[in-house]
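# Analysis of the macromolecular model
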Protein chains: 2
Amino acid sequence: MASNSKRTVCPLQIPKITQFKIGICQLKVTTEKSANILKARELIQAAAGKGASLILLPEMWNCPCSTDMFAKFAEDFSDIDSAPSLLMLSEVASSLGVTIIGGSVPEKDAGQLYNTCCLFGPNGEFKAKHRKIHLFDMGKPLLGEVQFKESDYISAGKNPTVVDTDFGCIGIGICHDIRFPELAMLYSARGAQLICYPGAFNMSTGAALWELEQRTRAVDNQLYVASCSPSRDSAGSYAIWGHSTVVGPMGEIIATTGHDKTVLIVDVDYAAIQRTSSYRESFPLESQRRSDIYQFVDVLTESSNS
Amino acid sequence: MASNSKRTVCPLQIPKITQFKIGICQLKVTTEKSANILKARELIQAAAGKGASLILLPEMWNCPCSTDMFAKFAEDFSDIDSAPSLLMLSEVASSLGVTIIGGSVPEKDAGQLYNTCCLFGPNGEFKAKHRKIHLFDMGKPLLGEVQFKESDYISAGKNPTVVDTDFGCIGIGICHDIRFPELAMLYSARGAQLICYPGAFNMSTGAALWELEQRTRAVDNQLYVASCSPSRDSAGSYAIWGHSTVVGPMGEIIATTGHDKTVLIVDVDYAAIQRTSSYRESFPLESQRRSDIYQFVDVLTESSNS
């Protein structure tokens, strides 16, 4: 066998909790922010009531997916007490003792807007945020599709986000971030057991790509993937695909939804990633990579190590 | 928008032929090499008779997929006149005026065995060979599966293979090569319009991964993918999945087969990759890559440039 991988790969850590229920809240988003916050709280409570201890919200859960609304709905994260969406997430995480991956909301910071996911721990602590890295800029629109250029309104994040939680190492990507295999490869190399993708794919890319990309990121990186979309009848200028999903490490769909508002409760067991006679041991892809032919560089980790 | 890709990407060239029929020969492989050669010739002739000008054979088309048979069926490519499988491909390519991507056969060279694909042009010329880079070594076998460790018998290739043909730039991967997103990314960056994967997935990985991986490599790299498997009732120690397939640049399955012996004729039109209002223009993924966060290195190209 020729030379194998030399990329730096974190061994998988055994997290505090390896078996749990994830609650996926496929919200209907309206043009009224306070109503969205109220509804999100209700669905989080419903998910926790059904046993979910890790809860995922959709992309832009407090704001319609319309570029012209982002500024109006945006919150400044530097003072959480004046950021009602974040405040609710923190309070409900604490009161229910759950971890919440807060989909995304528009964030305002130093005159810029970002599409940002916030993660709150079970004591209500604001553990991490992920600013969407790959913005959804269509070139020429396909026939019948609405043009969409997110970067006219939103600035792109500069950092990948992997968070240590009670549920292991969780990577976060938002919507178009899923189209780039590199981000999932980076998360996998940093030790992620689960990647969460809040997203709001449209009808054509949704039908063509949403499930395919989730299954692929899971199986190519031998980890779990969970996604959460707003429901189709959400407000905004384009129709949303829906179909929030949880995929296991062999690329198998464990559970998925239609396009209506719903809460999906799914059992996750990390033993599927690592157990004897299971996937990583049967197919040790990492040791079979060919760094003599190709290499993948995690730029920020490399530069911080040098 | 933050900084974009700095990886070296070849612009797509317009090949001599942009619309053509590809013929996929899903052969039944027996334990008799001369019969396999005869049958392959017949199916190539059948494909050409139906209008195919580019023809793809399966992995190990002259030899059962059994590690213990590779040495017996292997040919030395240094003298094509004493390599009956190659000689047939060259002769039939020339007589029919077709390009043949010859699946794979066991190759012997300097005491080593390789799992090798040979590409012949329409004048019968031996244009390129690809030695399988990622060998299929299972770790612990999954329940109910036969252990398979290809590297006990076969040496791994050292080079990716992209070939300029009348049908554009074609990348070649063999079977387990498809599991590595990096190889397809490398081919895409080198300008491939089509990646051909001869393969012989087994029943469990076939059902779980074969279609998924083909669709993903196509859509993530915005190019065509074609695969060719032996039929299920081929000789050998494990049951073969079959299901040879052609996938378009949006990840759509254009045509696929079952598991029986068959010839699949599929129309390919590269306009689907590049045409106005189509995929690469609508979703300019290449310009959206984030080299400030991750980079992908084509090692052999970089070292030859330095």
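In short, a report on the structure. Everything numeric here is computed off the predicted structure, so don't read it as measured data.

Secondary structure summary: chain A contains nine helices and 14 strands in total. A compact globule built from 306 residues should have a C-alpha radius of gyration of about 19 Å, and chain A, at 19 Å, falls within 12% of that. Its C-alpha atoms put chain A at 60 × 45 × 40 Å along the principal axes. Counting the 306 residues in chain A, one finds 61% classified as buried. Pairs at least 24 residues apart make up 69% of the contacts formed inside chain A by residues separated by at least 6 positions. Of the roughly 10,600 Å² of accessible surface on chain A, a fraction of 51% belongs to carbon and sulfur atoms. Positive and negative side-chain charges in chain A, numbering 28 and 33 respectively, have mean positions lying 2 Å apart.

The next thing to look at is the nonpolar core. Grouped together as the largest cluster of nonpolar side chains are 108 residues, with contacts concentrated most on Ile22(A), Ile101(A), Ile22(B) and Ile101(B). Every residue in contact with Ile22(B), bar those within four places of it in the chain, is listed here: Ala52(B), Leu54(B), Ala226(B), Val246(B), Leu264(B), Ile265(B), Val266(B) and Val268(B). Core analysis: the next-biggest nonpolar cluster, separate from the first, contains 25 residues, Ile44(A), Ala48(A), Leu57(A) and Val98(A) among them.

Attention now moves to the relation of the copies chain B and chain A. Turning chain B through 180 degrees and shifting it by 0.0 Å along the axis lays it on chain A, with an RMSD of 0.0 Å. In symmetry terms, the pair is related by a two-fold rotation axis. Closest approach to the rotation axis among the C-alpha atoms of chain B is made by Phe296(B), whose C-alpha sits 2.3 Å away.

Attention shifts here to the sheet that holds strand β9 (residues 194-198) of chain B. All names here are of chain B. Spatially, the six strands line up as an open sheet ordered β7-β8-β9-β10-β11-β12, and their pairing is mixed. The sheet terminates laterally at β7 (161-165) and β12 (253-256), the two strands that pair on one side only. Mean inter-strand twist for the sheet, computed between neighbouring axes without regard to direction, equals 20 degrees. Pairing of strand β11 (residues 245-247) with β12, which is carried by three bridges, proceeds in the antiparallel orientation.

Each partner contributes residues to the interface: chain B has 59 residues there, and chain A has 61 residues. Where chain B abuts chain A, roughly 5,200 Å² becomes buried across the two surfaces, and 60% of that area is made up of carbon and sulfur atoms. Residues Arg289(A) and Glu182(B) are paired through a salt bridge, measuring 2.5 Å at the closest nitrogen-oxygen approach. There are 21 residue pairs in polar contact (both at pLDDT 80 or more) connecting chain B and chain A. Secondary-structure elements contributing two or more residues to the side of chain B that touches chain A are α4 (181-189), α5 (203-221), α7 (279-282), α8 (285-288), β14 (294-298) and α9 (299-305) of chain B. With ten residues, the single largest contributor to the side of chain B that touches chain A is α5(B). Across the side of chain B that touches chain A, the residue classes break down as 30 nonpolar, 15 polar and 14 charged.

This paragraph deals with the pairing of strand β1 (residues 19-26) of chain B. Residues and elements named next belong to chain B. Burial runs high along β1: six of the eight residues are buried. Here eight bridges tie β1 to strand β13 (residues 262-269), and the two strands are oriented antiparallel to one another. By the bridge assignment for β13, Ile24 is matched with Leu264. Sheet analysis places β1 next to strand β2 (residues 54-56), joined by three bridges and oriented parallel. Counted as the bridge partner of Ile22 is Leu54 from β2. Remark: the β1/helix α1 (residues 33-49)/β2 crossover connection has right-handed handedness.

Okay, the pairing of strand β4 (residues 105-109) of chain B next. All names here are of chain B. Judged from the five bridges that link them, β4 and strand β5 (residues 112-120) form a sheet pairing that is antiparallel. Among the inter-strand pairings, Val105 is bridged to a residue of β5, identified as Thr116. If you look at the hairpin formed by β4 and β5, you'll find two residues sitting between the two strands, and Ala110 has a positive phi there, around 50 degrees.

Residues and elements named next belong to chain A. Spatially, six strands are ordered β7-β8-β9-β10-β11-β12 in an open sheet, and the strand pairing comes out mixed. Each edge of the open sheet carries a strand with a single partner, namely β7 (161-165) and β12 (253-256). Within this sheet the neighbouring strands show an average axis-to-axis angle of 20 degrees, counted without direction. One ladder, built from five bridges, connects strand β9 (residues 194-198) with strand β10 (residues 224-228); its direction is parallel. Across the sheet, the residue bridging to Ile195 is Val225, located in β10. Along the sheet, helix α5 (residues 203-221) contacts β9, β10, β11 (245-247) and β12; its crossing angle with β10, the most-contacted strand, is approximately 155 degrees.

All names here are of chain A. With respect to the helices and strands, the residue Ser229 is situated in the loop between β10 and β11. A relative accessible area of 1% places Ser229 in the buried class. In sequence terms Ser229 and Phe126 are 103 residues apart; their C-alpha atoms lie 22 Å from each other. Setting aside chain neighbours within four positions, we find Ser229 in contact with Cys25, Gln26, Leu27, Pro58, Gly199, Ala200, Trp210, Ile240, Gly242 and Ser244. A polar contact is formed between the side chain of Ser229 and the backbone nitrogen of Gly242, at a distance of 3.4 Å.

Attention shifts here to the state of the cysteines. Counted by the stated rule, this structure contains zero disulfides over all chains. Looking at the unpaired Cys175(A), the closest cysteine sulfur is the one in Cys65(A), lying at 7.5 Å.

On to the side chain of Thr116(A), then. All names here are of chain A. Looking at the secondary structure, you find Thr116 in strand β5 (residues 112-120). Taking the relative accessible area as the measure of exposure, Thr116 reaches 0% and is therefore buried. At 2.7 Å, the side chain of Thr116 and the side chain of Glu107 are in polar contact. The residues contacting Thr116, other than those within four sequence positions of it, are Phe77, Gly103, Ser104, Val105, Glu107, Lys129, His130, Arg131 and Ile174.

Definitions and limits used
Residues numbered from 1 in each chain as written. Chains lettered and ligands numbered in written order. Predicted model: local features only at pLDDT ≥ 70, side-chain atom pairs only at ≥ 80, totals over all residues. Heavy atoms only, no water. Helix = DSSP H or I, 4+ residues; strand = E, 2+ residues; numbered from the N terminus. Rg over C-alpha atoms; globule rule 2.2 N^0.38 Å. Buried < 20%, exposed > 50% of the residue type's maximum accessible area, 1.4 Å probe, protein only. Contact = heavy atoms within 4.5 Å. Areas by Shrake-Rupley, 256 points an atom, 1.4 Å probe, with all protein chains shown as cover. Lys, Arg positive; Asp, Glu negative; His and termini not counted. Charge placed at Lys NZ, Arg CZ, Asp CG, Glu CD. Core = buried A, V, L, I, M, F, W, Y, C linked by side-chain atoms within 4.5 Å. Least-squares fit on C-alpha atoms with pLDDT ≥ 70 in both. Pairing = 2+ DSSP bridges. Axes fitted to C-alpha atoms, helices over the stretch in contact; angles between N-to-C directions. Buried area = accessible area lost by both parts, 1.4 Å probe. Salt bridge = Lys/Arg side-chain N within 4 Å of Asp/Glu carboxyl O. Polar contact = N/O pair within 3.5 Å; in protein donor to acceptor, adjacent residues only side chain to side chain. Nonpolar A, V, L, I, M, F, W, Y, C, P; charged D, E, K, R; others polar. Right-handed = clockwise from strand over helix to strand, strands pointing away. Disulfide = S-S within 2.5 Å.

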